[in-house]
Amino acid sequence: MPRFARHVVVTVWAAVLFAGCGGNDAADQSASDSPSGENEQARAGGSVIRRLESECKTLNWVLYTTAYEIFVLRYLYDPVFDYNEASDMIPVLASRLPEVSPDHLRVTVRLRDDIHWHDGVPITAHDVKFSLDKIQDPAVPALNKEGFFEKLDRLEVVDDRTLVFVWKEPFAPSMFAISQLWPIPKHVYGVGDFVTNPANRKPVGSGPFKFDEWHSGQYISLVRYDDYHGQKAYLDRVIFKVVEDDAVALNMLRTGELDEMRATQTQWEKQMDTPEFKARYNKYDYYFPQYNYISWNCRSTFFSDPRVRRAMTMLFDRESINTKIYSGFARPISGPFYVNSWAYDKTIKPWPFDPEAAKRVLDEVGWKDANGDGIRDKDGKPFSFELLIAHGSAPAAQFSQLLQEECAKAGIRVNIRQMEGSTLFDRIGKGDFDASLSGWRLDLDPDVYDTFHSTMAPPSGLNHVYYANARVDSLLVAGRAEFDPARRERIYHEVHQLIHEDQPYTFINTVPDKRPIAKRIHGVKFGWNGPYDFWPGASYWWVDDAPGDAASAR
Amino acid sequence: MLHYTLRRLLYLVPTLLGITIVTFLIVNLAPGDPVELIHLGQMDARISPESYQQMLRLYGLDDPIHVRYATWLKRLATLDFGNSFLDHRPVIDKIMERLPNTVFLNVTSLLIAFVLSVPLGLYAALHQHSKVDKMSGTALYVLYSLPEFWVALLLIMLFGVELKWLPFHGMESLDARELGFAGYWWDRFLHTILPTVCLTYGSLAYLSRFARGSSLEVVRQDYIRTARAKGLDEASIVYRHVFRNTMIPMVTLLGLFLPTLISGSVIVESIFSWPGVGDLFFTSVRARDYPVVMGLSFITAVMVLLSTLVADLLYAWADPRVTYR
């Protein structure tokens, strides 16, 4: 089952679909960056230096676990299918789009016949099958990909160029799942032990760039692969430098030792808002599928009643978070889907900030201050709960203090409990909490079965709040078996409405990613997941100072 | 002396065993487990209880804790620290790849701190209450209290960004290896300056105040007065009597500093992207990469125990009144 969500400690992650959307500086992009005119002007040569916020552990596609590894792998490997800028599925290693049988159970894939690995060996259907076999191999830790193929019955290799995916049941997210299967070379990784294979740190790829060198903890270097089967890339070289500290990364941007980074809110508004900075960098902000929320444990004595959960939402001033903490850069949301997707019902407005109404509701439900100590109580139990947040996350601290203040005014005591990430995830994963502050990252397909279906409650799934609504359950089951776009949209809109009413989460907002990219770089485009994670991502960037001006790329 | 050394070495064994048991317990009983943390990114996938169990088995985590400890100990006997859960590379490779970088940085910093602090402390002690003594005292206290990360960022902004004199990322420039022998080492040298300064100023402040304190005590001793009375020239008094006696406590202190040589500074290493063990340790703890955490703790423990032993032996060498039996 697809990984429809992943927890991120409430920090800044952000979203796309519409390139350069919304940002005050996005309009600065020069006209030459339009998809049409650029190729005639594009010059070969030069290099780009990107930032890795943390060291890569492996460059084996089956074994990767972090977003940073995917940054690098995107240049090195071609997927069979991928999604382009407009989020349409396109063939990459395949010669055409997959053929789907009328019952949606058999998906036939044909590979191009002119594709080969960087060592010259042809890429065949056996490599694709090898990749899937390794994902499903119990001795291979590839849990983050296994879920995509849980509903897959088998993968048949018909001949060197043809594969058939046979699904156990009609499964709407299956197309997205297929796009998540990238072949790796069987003749390289099939030799010796898989997880300790030397090629994990010296990969043989299939993409427009090939592996050059890796200095642990310092940088990874890729160079253009000139015999690439597709359109040749322009850059000679792409370098990834490991820079953990945000402030240091900004300084490296200033000296030209980095060409791009992910900015913090403060950097974006202060240090990156000077004329000197803007003269050298385009500032892009974009929404990508992510949102922040407070989860209310539906089994908790405090939050088992949806009316109480709605009251909590109304006590929380989400609008002022967006204006004060994010200076208007974040968007309030009302449901669990990506705001820019068809699944999100834009007619559903978030619950208003209305402390008076919230207090009335709490009185009605029986949470009254019976003993006069200033704290509401019910059956002798004071309304005093623990809110778990991640240690070291500034937004989480700010959000929770705001909630704490508002709640105190309404006679509710919130005890903020900061925890180390691992400990926090452990508690949330076991459903062992009253309330917590987290974020989800979403995938392109809107299926939220894992997070909201009642059978997915701990310990089996991601429904950590024990949310259970029979109607939502049946809609979620129907939604993943529905292939008609209009009908599927109606299903998810209803899910959105029901979850909005039940408020197992207080949906806080979705925060855009903010990235400065050097102006000398052209060809920057955006897909559903940002400027990198789509086809062709950043593979066809080109630079002004090419060719031969390697010194300035330092 | 030999007898003493051997006995001390023997005592190391039970102490080490105790340390590894405690560390193993703490590391393994901390909430969260590597399967969850590594493979769910941060809980990014739903995994079935079956595949979760499968992963636990794969990492050898399905056994009870005492069995796992016994396995770990058995492997240790052959000096095998196992493989990292994160990238499946041998722990010893991961440590050895980074240890020289940390040791290099720390040895440089410690040498500079010791070489500068002794004369600084001596001078301040011999000119007690002078302007220089007071000013250096104030300056050193200020230095001692400045947080490393803040100083590091200021240095980066001044020398790295504004003046563009010094690099501040990593151990060498991209393609430094193509600069030729002299060029390469010059590049490495430039990269070492800022992190070394950040690592040094704190211990310099501390050590020089310590040196001053211990020389002050020495200066007041009767034998110094006697030396002066018998007409020894000032240089001989300072060198032969004051300096050598000041060194006794400094040597003990040096022993205590030795383990920090290999432990690495998380802050300095991560700010300057210096690929050292401090950073490795921090990452491993967060990801619950038990084998790496255990490997590093074990090596550090051995170093601490050995260096206290060395410090004790050095003490006997520096102070002829001390003998061990």
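Residues numbered from 1 in each chain as written. Chains lettered and ligands numbered in written order. Predicted model: local features only at pLDDT ≥ 70, side-chain atom pairs only at ≥ 80, totals over all residues.

### Considerations on helix 13 (residues 394-409) of chain A
Residue and element names in this part refer to chain A. The criterion, for reference: Runs of E in the DSSP output that reach at least two residues are strands. Runs of H or I that reach at least four are helices, and both are numbered from the N terminus. Expected helix span is given by 1.5 Å per residue-to-residue step, counting one fewer step than there are residues. Every C-beta atom is placed from the backbone, and the number of other C-beta atoms within 10 Å of a residue's own sets its class: buried at 20 or more, exposed at 12 or fewer, partly exposed in between. The arc in question is the one traced by the directions running from the helix axis out to the C-beta atoms.
Taking 1.5 Å as the rise per residue, helix 13 with 16 residues should run 22 Å; its terminal C-alpha atoms sit 23 Å apart, in good agreement. Residues Pro395, Ala396, Phe399, Ser400, Leu403, Glu406 and Cys407 constitute the buried set of helix 13. Buried residues of helix 13, seen end-on, are gathered within an arc of 125° and therefore sit on one face of the element. Just past helix 13, the residue Gly411 takes up positive phi, approximately 80°.

### Some thoughts on the domain arrangement of chain B
Residues and elements named next belong to chain B. Convention followed: For the purposes of this description, domain bounds are those given by an automatic or database domain assignment. Residues are treated as contacting if the C-beta atoms built from their backbones sit within 7 Å of each other.
Along its sequence, chain B is carved into domain 1 (2-77) and domain 2 (99-213 + 247-318). One C-alpha centre belongs to domain 1, the other to domain 2, and the line joining them spans 30 Å. The interface is formed by 18 residues belonging to domain 1 together with 13 residues belonging to domain 2. Looking at the side of domain 1 that touches domain 2, the elements that each hand over two or more residues are helix 1 (2-29) and helix 2 (34-39). Considering every element that reaches the side of domain 1 that touches domain 2, the biggest residue donor is helix 1, with 11 residues.

### Digging into the nonpolar core
Residue and element names in this part refer to chain A. Here is the rule: To define a nonpolar core, we join buried Ala, Val, Leu, Ile, Met, Phe, Trp, Tyr and Cys residues through C-beta atoms within 7 Å and take the resulting set.
One finds Val72, Leu76 and Val80 to be the most contacted residues of the largest nonpolar core, which totals 173 residues. At seven residues, the largest contribution of residues to this core is made by helix 2 (residues 67-76). With sequence-adjacent residues up to four places away left out, Leu76 is seen in contact with Leu59, Pro203, Gly205, Gly207, Phe209, Lys210, Phe211 and Leu222.

### Quick look at the environment of Leu476(A)
Residue and element names in this part refer to chain A. Within the element layout of this structure, Leu476 appears in helix 16 (residues 470-479). C-alpha separation for the pair Leu476 and His453, spaced 23 residues apart in sequence, amounts to 7.0 Å. Residues contacting Leu476, with those up to four places away along its chain left out, are Val448, Tyr449, Phe452, His453 and Val495.

### Some details on the packing of helix 16 of chain A against helix 17 (residues 485-502) of chain A
Between two packed helices, what matters for the description is the angle formed by their axes and the separation of those axes. All names here are of chain A. Applicable threshold: The axes used here are C-alpha line fits, helices contributing only the stretch in contact, and every angle between their N-to-C directions lies in the interval 0 to 180 degrees. Note on angle classes: values under 35 degrees are labelled roughly parallel, values over 145 roughly antiparallel, values of 65 to 115 roughly perpendicular, and the remainder oblique. Note on convention: near helix rotated counterclockwise from far helix by under a right angle means a left-handed crossing. Clockwise means right-handed. Side-chain classes are defined by residue name, with Ala, Val, Leu, Ile, Met, Phe, Trp, Tyr, Cys and Pro counting as nonpolar, Asp, Glu, Lys and Arg as charged, and the others, Gly among them, as polar.
Here helix 16 crosses helix 17 at 155°, and the two axes come no closer than 10 Å. If you check the angle between helix 16 and helix 17, you find them roughly antiparallel. Handedness of the crossing formed by helix 16 with helix 17: left-handed. Residues Arg471, Val472, Leu475, Leu476, Ala478 and Gly479 of helix 16 form the contact with helix 17, whose own contacting residues are Arg488, Ile491, Tyr492, Glu494, Val495, Leu498 and Ile499. Considering only residue class, the contact of helix 16 with helix 17 consists of nine nonpolar, one polar and three charged.

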